[in-house]
Amino acid sequence: KHMAHHTSLVSPSTAPNMQKFLSSSQYDYSNIFMYERCFGEGFMSAGGIETTKEFIDMLKLKRAGDNRDPVRILDVGSGIGGSSFYFASQYGCEVVSLDLSTTSIDLAKQRIPDSISHLVTFVLGDALEMDYDECYFDVVYSRDALLHVPYSKKLDLWRLFHKWLKPAGQLLITDYGCGEGEISDEMKTYMSKRRYALLSPSKYEELTREAGFEDVDCQDRTFQYCQIARREIGRIKPEEFDEEFSKEQREGLVKVFDDKVEMCLRGDRTFILLHAKKQPSFYEHRKRVLQACKGVFTGGLVMGTDGNVSERIVGTELMAIKGSGIPYEELTVHDIVVCKIDGTVIPGEKKPSSEFGLHSGIYKARPDVNSVVHTHSNFASVLACARKDIPCFHYSVAEVAGDTDVVKCADYHTYGTPELAEAVIKAIGPSYGCLMANHGQATCGPDIDSALYYALRLENLCMQYVHVLSIGGAVNLGKKEMDECRERDKTYGQVEDGDGTGHGLGCCK
């Protein structure tokens, strides 16, 4: 799969070859010192300390303190240490400063202040060959360095970044890219000479999402880069520069900057700012859903792989739900899937339950609901196969029915279809559960314990109602009697008068 229009231009380079190329050409000592004249001491990336502060502010880091562990940073293509030193000095971060250039690493080691030397670890090597622990870093950071990574290796590297980051960890990258359209022959020659593998901003975002990142914000900052580059050209003072280097080097450096701006203006070159996050693990949500799944199984409400349980992840557009087709006795926390509420699968997650649409629809229709339980419990299924509603034959029906005074049976549709989801949403309405014709039952609640309780309560009511029907039917309670029960519930339990929660979880209001 091509990542851009020009993948044939750059052949994969081994780490030693690239290391030799960088250290002997673009990042030899003479070039490094010249770059510093433009970017500022310690920096070889556009904007120097100014953009470093601006971009790192996006991470909203907290300084390490007595009650806060240091943030762990992987600085990929760290150059001569400017950003690594800033992370350590300003935030007390523990930084792994990784670069392929021997000259850059040697210079950074010589310059690191004693006050932060214990926080920064220098590593000479290729990120693709590193073996860091999974979920180790809080931030993976890189400034203008990943353009050297061959097209064939970019996705592999991004997946390593994703693997190394902790849940909710952040990826922050600036990099040079190409334009969105066809680039000029001059640009193609430039890329080949420099061994650049450039992506357009849209392809950069696509790559990042494909690697599994969420909340991807990929910005084209080309205009900002042009402004910065012109300022940096202005910092080159001929007399001072020529005295330390030479007129030829000065003119060559000015031409480099002028050429980059020209490439940007004609649409060949872009400057990309990428900020993305690794999906939080939501372990506690997965664990609660797993426990509820085990509960409906041991409680006899399901068997085999029937039914499903979910929990809305409040504050997000996500839910945790049982994975599709996995037997309850085999379920582990890793089989509870976090997916978008519309059912969109997140890379790296398993396939969600086939009834995700039912759960999704209830969450969209009922902002007060944060959990849904669907089972094929025996007595609920018996009544569902008879397509019977449950009237107020007992005052406890109101726990599930709420003010509707009837637990409805949703029309029949094939499982896992949008039509079934719509029918269930209609049948539940403002209540907390319904039967599903020739299928089972569905309940919901403000939390997972509530939804599970209603599933158990509904099955109990169904059992009672089946028995009542077997002896000729019930004498149902009317609205007057049900309203009196609701009033009575206000003083039910160990509470002050008027503050009663009602029977069960208090749905008789």
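Owing to the predicted nature of the structure, the values given are computational and were not obtained by experimental measurement.

Side-chain direction in a regular strand flips from residue to residue, so the side chains alternate between the two faces of the sheet. Burial analysis of strand 8 (residues 308-313) places 6 of its 6 residues in the buried class, the great majority of the element. The side-chain alternation of strand 8 yields two buried faces, one formed by Asn308, Ser310 and Arg312 and the other by Val309, Glu311 and Ile313. With 4 bridges connecting them, strand 8 and strand 11 (residues 371-375) associate as antiparallel partners. When the bridges of strand 11 are listed, Glu311 appears paired with Ser371. Direction of pairing for strand 8 relative to strand 9 (residues 318-322): antiparallel, over a ladder of 4 bridges.

Moving on, we come to the nonpolar core. Counting residues in each nonpolar core, the largest one holds 66 residues, and the members touching the most others are Leu74, Leu146, Trp158, Phe161, Leu171, Tyr204 and Phe213. Examining the composition of this core, we find that 7 residues originate from one element, helix 6 (residues 151-164), more than from any other. If near-sequence neighbours (up to four positions away) are discounted, Leu146 is found in contact with Val76, Lys154, Leu157, Trp158, Phe161, Ile173, Asp175 and Tyr204.

With that settled, the discussion passes to the pattern of salt bridges. Overall, the coordinates contain 26 salt bridges when judged by the stated rule. Arg143 is the partner of Asp144 in a salt bridge, and the nearest nitrogen-oxygen pair spans 4.0 Å. Note on accessibility: Asp144 and Arg143 belong to one class, buried. Across the pair Arg486 and Asp403 runs a salt bridge, and its minimum N-O distance is 3.3 Å. Of this pair, Arg486 sits in helix 18 (residues 479-489) while Asp403 sits in the loop between helix 15 (397-401) and strand 13 (406-407), and the two are 83 residues apart along the sequence. Residue classification places Asp403 among the exposed positions, given a relative accessible area of 61%. Through salt bridges with shared partners, one network takes in Asp403, Asp405, Lys479, Asp483 and Arg486.

Where like charges cluster on the molecular surface, the positive patch consists of Lys60, Lys62, Arg68 and Lys277. Within the element layout of this structure, Lys277 appears in strand 7 (residues 269-278). Given the relative accessible area of 34%, Lys277 is considered partly exposed.

As a further point, take the side chain of Ser381. Along the chain, Ser381 falls in helix 14 (residues 378-385). Excluding anything up to four places from it in sequence, Ser381 contacts His376, His439 and Gly440.

This part covers the sheet that holds strand 5 (residues 165-178). Sheet strands line up and pair through hydrogen bonds in the backbone, either parallel or antiparallel. If you walk across this open sheet you meet the 7 strands as 3-2-1-4-5-7-6, and the pairing is mixed. The open sheet terminates on both sides in strands that have one partner only, identified here as strand 3 (120-124) and strand 6 (213-220). Between one strand axis and the next, the sheet turns by 15° as a mean value, whatever way the strands run. Here strand 6 pairs with strand 7 via 6 bridges, running antiparallel. Looking at strand 7, one finds that Glu214 is bridged to Lys277. Its contacts with the sheet put helix 3 (residues 48-57) on strand 4 (137-143), strand 5 and strand 7, and the angle it makes with strand 4 is roughly 145°.

Turning our eyes to something else, we now look at the sheet that holds strand 11. Here we have 7 strands laid out as an open sheet, ordered 10-9-8-11-16-15-14, and mixed in their pairing. Each edge of the open sheet is held by one strand with a lone partner, namely strand 10 (336-340) and strand 14 (409-410). Across the face of the sheet, helix 17 (residues 448-470) comes into contact with strand 8, strand 11, strand 15 (433-436) and strand 16 (440-445) while running at roughly 145° to strand 16.

This brings us to the state of the cysteines. Applying the stated criterion across every chain yields a total of 0 disulfides. The closest cysteine sulfur to the non-disulfide-bonded Cys409 is located on Cys434, 7.6 Å from its own sulfur. Under the relative-accessibility criterion, Cys409 is labelled buried at 13%.

Turning next to helix 18. Residue pairs three or four apart in sequence face the same way in an α-helix, which turns once every 3.6 residues. Of the residues making up helix 18, those classed as buried are Met482, Arg486 and Asp489. Projected down its long axis, helix 18 carries its buried residues within an arc of 60°, all on one side. Exposed and facing more than 90 degrees away from the buried side of helix 18 are Lys480 and Arg488. In this structure, the buried side of helix 18 is in contact with helix 15.

Okay, the confidence of the model for the chain next. Predicted coordinates in regions of low pLDDT should not be interpreted in detail. Put simply, the chain has an average pLDDT of 90, and 92% of its residues get 70 or more. In this model, residues 1-14 is a region of pLDDT below 50 whose contacts with residues beyond four sequence positions or in other chains number 33 contacts. Contacts from residues 504-509, a stretch scored under 50 in pLDDT, to residues over four places away or in other chains number 22 contacts.

Applying the stated criterion across every chain yields a total of 21 aromatic pairs. Among the aromatic residues, those joined into a cluster by ring pairs are Tyr132, Tyr136, Phe137, Trp158, Phe161, Trp164 and Tyr204. Taking the ring centre of Tyr328 as reference, the NZ or CZ of Lys322 above it sits at 5.0 Å.

Now for the pairing of strand 10. Here strand 10 lies mainly inside the structure; 4 of its 5 residues are buried. Here strand 9 runs beside strand 10; their pairing, made up of 5 bridges, is antiparallel. Within strand 10, the position partnered with Ile321 by the bridge is Val337.

Between helix 2 (residues 29-39) and helix 11 (residues 247-265), the shortest axis-to-axis distance is 12 Å and the interhelical angle comes to 60°. Judged by the inter-axis angle, helix 2 sits oblique to helix 11. Helix 2 and helix 11 meet at a crossing whose hand is right-handed. Counting all contacts with helix 2, which are made through Ser30, Met34, Tyr35, Cys38 and Phe39, the residues of helix 11 involved are Gln249, Leu253 and Phe257. Classifying every residue of the contact of helix 2 with helix 11 gives 6 nonpolar, 2 polar and no charged.

Reading the values: rules and limits
- Residues numbered from 1 in each chain as written.
- Predicted model: local features only at pLDDT ≥ 70, side-chain atom pairs only at ≥ 80, totals over all residues.
- Heavy atoms only, no water.
- Buried < 20%, exposed > 50% of the residue type's maximum accessible area, 1.4 Å probe, protein only.
- Helix = DSSP H or I, 4+ residues; strand = E, 2+ residues; numbered from the N terminus.
- Pairing = 2+ DSSP bridges.
- Core = buried A, V, L, I, M, F, W, Y, C linked by side-chain atoms within 4.5 Å.
- Contact = heavy atoms within 4.5 Å.
- Salt bridge = Lys/Arg side-chain N within 4 Å of Asp/Glu carboxyl O.
- Patch = residues over 30% accessible without salt bridge, like charges linked within 9 Å, V, L, I, M, F, W, Y side chains within 5 Å.
- Areas by Shrake-Rupley, 256 points an atom, 1.4 Å probe, with all protein chains shown as cover.
- Lys, Arg positive; Asp, Glu negative; His and termini not counted.
- Charge placed at Lys NZ, Arg CZ, Asp CG, Glu CD.
- Axes fitted to C-alpha atoms, helices over the stretch in contact; angles between N-to-C directions.
- Disulfide = S-S within 2.5 Å.
- Arc of directions from axis to C-beta.
- pLDDT = per-residue confidence, 0-100.
- Phe/Tyr/Trp six-rings, centres within 6.5 Å; stacked < 30°, edge-to-face > 60°.
- Lys NZ or Arg CZ within 6 Å of the ring centre and 35° of its normal.
- Parallel < 35°, antiparallel > 145°, perpendicular 65-115°, else oblique.
- Left-handed = near helix turned anticlockwise from the far one by under 90°.
- Nonpolar A, V, L, I, M, F, W, Y, C, P; charged D, E, K, R; others polar.

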